[in-house]
Amino acid sequence: MSILILAEHDNKSLKPATLNTVTAATQIGADVHLLVVGFECQTVVEQASQVAGVSKVLVADNAVYEHQLAENVSKLVVDIASGYGHILAPATTTGKNTLPRVAALLNVAQLSDVIKVESADTFVRPIYAGNAIATVKTTDTVKVLTVRSTGFDAAASTGGNAEREVLSQVIASDRSRFVKEQLAESDRPELTAASVIISGGRGMGNGENFKLLEGVADKLGAAIGASRAAVDAGFVPNDLQVGQTGKTVAPDLYIAVGISGAIQHLAGMKDSKVIVAINKDEDAPIFQVADYGLVADLFDAVPELEKSL
Ligand SMILES: Cc1cc2nc3c(=O)[nH]c(=O)nc-3n(C[C@H](O)[C@H](O)[C@H](O)COP(=O)(O)OP(=O)(O)OC[C@H]3O[C@@H](n4cnc5c(N)ncnc54)[C@H](O)[C@@H]3O)c2cc1C
């Protein structure tokens, strides 16, 4: 039985989370197929067929798939599901939106946010905001999983030479339609793929003060993140939120500035390789996970850090 992966993309490029999902699939150990569902997404198909470890790229390119609505994409996946023992997607908002629907239509349970493959039917995933790790064995005939990208290295984006198959099914979405989107534009690296992240919390005081972090981010080539308190206070847009209800990140270096380290924030960043905390409260819980901590006023420490870089 082969493994089907729903590719994450925006019709222009294949998103890095797909590559981590390919690694998870190769650890399960079977033929890996990538499904690209979109509209005018030929460059994505090119990129998908070069990913190392992928033997086939299935392509559904039609206007009805332009915004990858879960209602019709899930039906398409179910339509081609026979022959697959596993169906995977990255645990991004798109994957989290579509895959549980696929599982329900197939009448199987879904496993969310898998961080480790034990065997073809046994998987590891965090529960209780990352405070316990559950090992789950599934007896379902088709195993439907979303994969946490920080749990797996990225597969090589080149070196593969997958065959292509064009799918003829055109399944329109009769229950939902796409109205519009508001995308936050940024020249910085994408948060979940960045190797360095500097995040600000409520201690930043206001949105204007986030400019302080930009200076350091520019010098380190870092992405900027935030706590939920910073997002809720309107300092920054919510797509910067790191944590249980935001993004899960595991960069080489995570710098937390004016963030107390609530359990829900730690859930999104505690697997970072090196954690640095700058906080004026020496009892802040963030210092319990920080490799390097500085008890200082951020308005002194951050400009000094920028100057010395
Ligand atoms: C269901 C649920 C889901 C949640 N999901 C998330 C999530 O995904 N992500 C998330 O982040 N939170 C999440 N939260 C919220 C979380 O519980 C905390 O409220 C939040 O993380 C606190 O953000 P903060 O650390 O920025 O603010 P605070 O806890 O207020 O901490 C601010 C810190 O800044 C320090 N500080 C203030 N001024 C300065 C200064 N001048 N210099 C240095 N330090 C200073 C203070 O000492 C303090 O430690 C969730 C909560 C719930 C209930």
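- Going by what an unreviewed UniProt entry lists, the chain is known as FAD-binding protein and is assigned to Marinomonas rhodophyticola.
- Here the chain is described in UniProt, under the heading Sequence similarities (unreviewed entry), as follows: "Belongs to the ETF alpha-subunit/FixB family."

Concerning the overall build of the chain
In step 1: For the chain, the helix and strand inventory stands at nine helices and 15 strands.
In step 2: Across its three principal directions, the C-alpha atoms of the chain cover 60 × 40 × 40 Å.
In step 3: Counting only residues that meet the buried cut, the chain has 48% of its 309 residues in that class.
In step 4: Taking as baseline every contact in the chain between residues at least 6 positions apart, the subset at least 24 positions apart corresponds to 65%.
In step 5: When the accessible surface of the chain is summed, it comes to about 14,900 Å², and 47% of that surface belongs to carbon and sulfur atoms.
In step 6: Averaging the coordinates of the 25 positive side-chain charges in the chain and doing the same for the 36 negative ones gives two points 4 Å apart.

Re the pattern of salt bridges
In step 1: One pass over the structure, following the stated rule, counts 11 salt bridges.
In step 2: Among the salt bridges present, the one from Asp10 reaches Lys15, with a minimum N-O distance of 3.2 Å.
In step 3: Under the relative-accessibility criterion, Asp10 is labelled partly exposed at 33%.
In step 4: Judged by its relative accessible area of 29%, Lys15 falls in the partly exposed class.
In step 5: Here Arg228 and Asp232 are joined by a salt bridge, their closest N and O atoms 3.5 Å apart. Linking Arg228 with Asp232, this pair stays in helix H6 (residues 228-232), spanning four residues, or about one helical turn.
In step 6: Relative accessible area serves as the criterion here: at 46%, Arg228 is assigned to the partly exposed category.

Re the side chain of Gln68
In step 1: Mapped onto the secondary structure, Gln68 falls in the loop between strand S3 (56-61) and helix H3 (70-79).
In step 2: Exposure remark for Gln68: the relative accessible area of 15% places this residue in the buried category.
In step 3: Within polar-contact distance, the side chain of Gln68 engages the backbone oxygen of His9 at 3.1 Å.
In step 4: Not counting the four nearest positions on each side in its chain, Gln68 is found in contact with His9, Val37, Val73 and Thr94.

Side note on the UniProt feature "domain: Electron transfer flavoprotein alpha/beta-subunit N-terminal" (unreviewed entry) in the chain
In step 1: When the UniProt feature table is mapped to this numbering, "domain: Electron transfer flavoprotein alpha/beta-subunit N-terminal" (unreviewed entry) covers residues 3-182.
In step 2: A distance of 34 Å separates the end C-alpha atoms of residues 3-182, which is 25% helix and 30% strand.

Calculation notes
Residues numbered from 1 in each chain as written. Predicted model: local features only at pLDDT ≥ 70, side-chain atom pairs only at ≥ 80, totals over all residues. Heavy atoms only, no water. UniProt positions renumbered as here; feature names shortened; annotations may be inferred. Helix = DSSP H or I, 4+ residues; strand = E, 2+ residues; numbered from the N terminus. Buried < 20%, exposed > 50% of the residue type's maximum accessible area, 1.4 Å probe, protein only. Contact = heavy atoms within 4.5 Å. Areas by Shrake-Rupley, 256 points an atom, 1.4 Å probe, with all protein chains shown as cover. Lys, Arg positive; Asp, Glu negative; His and termini not counted. Charge placed at Lys NZ, Arg CZ, Asp CG, Glu CD. Salt bridge = Lys/Arg side-chain N within 4 Å of Asp/Glu carboxyl O. Polar contact = N/O pair within 3.5 Å; in protein donor to acceptor, adjacent residues only side chain to side chain.

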